[in-house]
Amino acid sequence: MPSLHFLANPARFRRFCARVLPALSVVTALAVAVGLYWALVIAPPDYQQGETVRIMFIHVPSATIAMGGYVLLAVLGGSLLVWRHPLAALMARATAPVGATFTAVGLITGSLWGRPMWGTWWVWDARLTSFLLLFFLYLGHIALSRAYDDADRGDRAAAILALVGAINVPIIKFSVDWWNTLHQPASIMRLGGPSIHPTLLYPLLWMMATFALLFVLLVLLRTDTEIDRRRLEAAELAA
Amino acid sequence: MNYAVFIWSAYGATAVALGGLVLLSFVARRRVRRELSARGLDRPREQRAGTSR
Amino acid sequence: MTAGAALFLRDLRLVLRRPGDVVVVLAFFVVATTLFPLGIGPEQNLLARIAGGVLWSAALFAALLSLERLFASDHEDGALDLLLLAPGALELAVLAKCAAHWIVTGLPLAVLAPLLGVAFGLDGRSLAAVALTLLVGTPTLSLIGGLAAALTLGARKSGALLALLALPLCVPTLIFGTGAIEAVATGEGFTVHIAILAALALMAVATLPWAMAAALRQAGE
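These numbers were taken from a predicted model, which means no experiment stands behind them.

Visitor: Help me out: how do you make sense of the overall build of chain B in this one?
Guide: Counting its regular elements, chain B contains 1 helix and 0 strands. Out of the 53 residues in chain B, the part that is buried amounts to 15%.

Shown next, in the form of C-alpha cells:
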C-alpha cells in the first residue's frame, strides 16, 4: 500500500509529524472541550441510571480504544517480524504505554460506574477478567521490550508477545455474548442497530472520536520521540 | 446515594491519567530533542559537514 | 527413531539426570499447598471450597519455577545454537522439550494433587476431577511457560519477567480448571470444562511451538 510505505521511512514520518502534530493537538483539545461539555452538561440523565450514565461517555471510549490499541500492537508486531518494517518497532514501543493507560482508565471508570449501578466495584466475570488480562498483557509488552540491552531483541520478543496475546481481544469483545456476565451485552455494535437513545448515543460517538484522536496524537507524538531517542542512543554508541 | 462522587472521581481519574500521559509525552519529547540539539545532531547530515561525528 | 522422539528422550534423560530439580518443584507444590490449611484454619467446608483454586494455583507456580531453566542450560552451553542450525524442524524440537518438561512437572503434579486434595476434605469425585483437570490442563501451562521462557532468554530479571508474561496467558486454563472442580462439587457435569481445557491444549500445541521457535531464533542471533 503506497500510503503505508510513504510513512515507513522514518525521516518522512518525522516530517509528517512536524506538520500534523500542532494542528492535531488543537483539534483534539477542542474535541475534548466540546465532548466534556456535551457529556457533563447537555446530555440528559438516563431514565434508569440517572446521572451515572455520564461515566459511560468515558468508560466505553477508553475501553474500545484500549482494545484497538492492542490490535495495533499485534499488527505492528507482525509487520516487524514479517517485513522488518523499520518504524514498527518504534511505534510499538510508543503505543504500549498509551494502550496500558487507556486500559487502566477503562478499569477505573468501569469500577466507579459499577459500584453505584450494579452494587459492586468488581466482579470476576468473563468481560472484566479478560479486560484485566489486557492490562497485564500491555505491562508484559512494556517490560519485555525494555528487558534487553539489545533493543532489537526486546522489540522482536515483544512483537511475538503481541501476536500471541491478540487472541484476548476477540475474547473480550464476545465474552458478553458467550457467557452470562454482570457486564451488559453490546448496545452499539449489534444487528438491528444501536439500542441507546440518540441523545446519549451522539455524545458517546463524539467521545469515541475524541478518544481516538487522543490515541492517535499520543502515538504519533511518542513515536516521534522514539525515533529521536534511537538516534540519540546510536550517537552515544558511536561516541 | 450521592452519584456525584462517582462521576467526578471517574472524570478526575481520566483527566489525570490521560492528561498526565499527554503532558509526560510532550515533556519527554522536548527533553530528547534538547539532548539531541545539545550534541548538534538535530541538523540534517549535509549541514553537519565539518563537525565531529 | 524419529527426530522428535530422539529429542524428547534426550531432554527427558537430561532432566532425570538431575532429579533434585524435579523434586524441588514437587516439594514446593506440597509446601505451598499445605500452607493454606495452616493459614486459614481447619474449617472443612471452607477448605473443600477453596481446594480446587489452591491446588491449581500452586501447580501453576510450581510449573513456573522450573521453566526458567528450560532453555537456559542449552543456551549457556551452546547446545541451543546447534539446535538452531540443525536441519530438523525447530518447532518439533521445542515441542519435544515442552513434552519432556511436562512429564517431569505437570504429570507428577497431576498425580500428587489428589493426594493433597484429601487434606482439604475433597470427596472421591472431586479428587478425580482434580487429577483429570490437571492432567489435561498442565500441558498448556508447559507450552505457555515455554514461550515465556523463550521470550525472556537472556533478559534482565528474567525470572520475574517470565512470570509476568506467563501468568496472564495461563489464566483461561486456570479458570476452566478450577471451574471444572467446582462444577463437580456442586454436582453439575464438568465435561464442558474438560472439553475447553482440551481445546486450549490443542490450540497451544497448534500455535505456540512456532512462536517459541521464532523467539529462540531471535535469542540465537
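Visitor: Would you mind going over the overall build of chain C with me for this structure?
Guide: On a plain count of helices and strands, chain C comes out with 9 helices and 0 strands. If you list the helices and strands of chain C from N to C, you get α-α-α-α-α-α-α-α-α. By the compact-globule yardstick of 17 Å for 221 residues, chain C fits well, its C-alpha radius of gyration being 18 Å. When the backbone C-alpha atoms are referred to their principal axes, chain C occupies close to 55 × 30 × 30 Å. Expressed as a percentage of the 221 residues in chain C, the buried residues total 49%. For chain C, restricting intrachain contacts to residue pairs at least 6 apart in sequence, the fraction spanning at least 24 positions comes to 79%.

Visitor: Is there a simple way to think about the interface of chain A and chain C in this case?
Guide: Where the parts come together, the accessible area they lose is often given as the size of the interface. Tallying the contact residues gives 16 residues for chain A and 15 residues for chain C. Elements that contribute at least two residues to the side of chain A that touches chain C include exactly α5 (126-145) and α6 (151-165) of chain A. Examining the composition of the side of chain A that touches chain C, we find that 7 residues originate from one element, α5(A), more than from any other. Class assignment for the residues of the side of chain A that touches chain C results in 13 nonpolar, 1 polar and 2 charged.

Visitor: Help me understand the packing of helix α2 (residues 10-42) of chain A against helix α8 (residues 198-238) of chain A in this model?
Guide: Packed helices, taken two at a time, are described by their axes: the angle between them and the distance between them. Residue and element names in this part refer to chain A. Interhelical geometry of α2 versus α8 gives an angle of 150 degrees and a closest axis separation of 8 Å. Between α2 and α8, the angle falls in the class roughly antiparallel. The interaxial crossing formed by α2 with α8 has left-handed handedness.

Visitor: So what exactly am I meant to see when it comes to the interface of chain B and chain A here?
Guide: Residue-level contacts link 23 residues of chain B with 28 residues of chain A. By residue class, the composition of the side of chain B that touches chain A is 16 nonpolar, 3 polar and 4 charged.

Visitor: It is not clear to me how unusual backbone geometry should be interpreted in this structure. Could you clarify?
Guide: Leave glycine aside and you will find that most residues have negative phi; peptide bonds, for their part, are mostly trans. Although it is not a glycine, A:Arg84 sits at a positive phi angle of roughly 55 degrees. Structurally, the position occupied by A:Arg84 is in the loop between α3 (53-83) and α4 (86-118). Taking the number of C-beta atoms within 10 Å as the measure of exposure, A:Arg84 has 10 and is therefore exposed. Its identity as a non-glycine residue notwithstanding, C:Lys157 has a phi of 50 degrees, on the positive side. Considering the arrangement of structural elements, one finds C:Lys157 in the loop between α7 (124-151) and α8 (158-185). Look at C:Lys157 and you get exposed, because 11 C-beta atoms sit within 10 Å.

Visitor: Can you walk me through the confidence of the model for chain C in this structure?
Guide: Note: predicted coordinates in regions of low pLDDT should not be interpreted at a detailed level. Residue and element names in this part refer to chain C. In this model, chain C carries a mean pLDDT of 90, and residues with pLDDT of at least 70 account for 100%. Element-level mean pLDDT values for chain C span from 82 in helix α4 (residues 79-85) up to 94 in α7. Scored as a complex, the prediction yields pTM 0.91 and ipTM 0.89.

Visitor: Just to check I follow, could you spell out the nonpolar core for this structure?
Guide: Soluble globular proteins tend to pack their nonpolar side chains together in the buried interior. Membership of the largest hydrophobic core comes to 150 residues, with the highest contact counts inside it found for A:Ala92, C:Ala59, C:Leu147 and C:Ala215. Ranked by residues supplied to this core, first place goes to α3(A) with 16 residues. Aside from chain neighbours lying at most four places away, what touches C:Ala215 is A:Ala157, A:Ile160, C:Leu147, C:Ala150 and C:Leu151.

Visitor: Help me understand the environment of A:Ala11 in this model?
Guide: Note on placement: A:Ala11 falls in helix α2. Separated by 213 residues in sequence, A:Ala11 and A:Asp224 place their C-alpha atoms 9.9 Å apart.

Visitor: I'm lost on the arrangement of the chains in this one. Help?
Guide: In this assembly, 2 pairs of chains are in contact, and the pair with the greatest number of contacts comprises chains A and B. In this view chain B stays clear of chain C, with the nearest C-alpha atoms of the two still 23 Å from each other.

Visitor: Honestly, helix α2 (residues 19-40) of chain C in this entry has me stumped. Any pointers?
Guide: Turn by turn, an α-helix covers 3.6 residues, leaving residues three or four places apart pointing in a common direction. Residue and element names in this part refer to chain C. Here α2 contains 22 residues, and its C-alpha end-to-end distance of 32 Å stays within 8% of the 32 Å for a straight helix at 1.5 Å per residue. If you check which residues of α2 are buried, you get Val25, Phe29, Thr33, Phe36 and Pro37. The arc that holds the buried residues of α2, viewed along the axis, is 115 degrees, so those residues lie on one side. Exposed residues lying more than 90 degrees from the buried face of α2 are Pro19, Gly20, Val23, Ala27, Val31, Leu35, Leu38 and Gly39. After α2 finishes, the residue Gly41 shows a positive phi value of roughly 110 degrees.

Cut-offs applied
Residues numbered from 1 in each chain as written. Chains lettered and ligands numbered in written order. Predicted model: local features only at pLDDT ≥ 70, side-chain atom pairs only at ≥ 80, totals over all residues. Helix = DSSP H or I, 4+ residues; strand = E, 2+ residues; numbered from the N terminus. Buried ≥ 20, exposed ≤ 12 C-beta atoms within 10 Å, placed from the backbone. Rg over C-alpha atoms; globule rule 2.2 N^0.38 Å. Contact = placed C-beta atoms within 7 Å. Nonpolar A, V, L, I, M, F, W, Y, C, P; charged D, E, K, R; others polar. Axes fitted to C-alpha atoms, helices over the stretch in contact; angles between N-to-C directions. Parallel < 35°, antiparallel > 145°, perpendicular 65-115°, else oblique. Left-handed = near helix turned anticlockwise from the far one by under 90°. pLDDT = per-residue confidence, 0-100. Core = buried A, V, L, I, M, F, W, Y, C linked by C-beta atoms within 7 Å. Expected span 1.5 Å × (residues − 1). Arc of directions from axis to C-beta.

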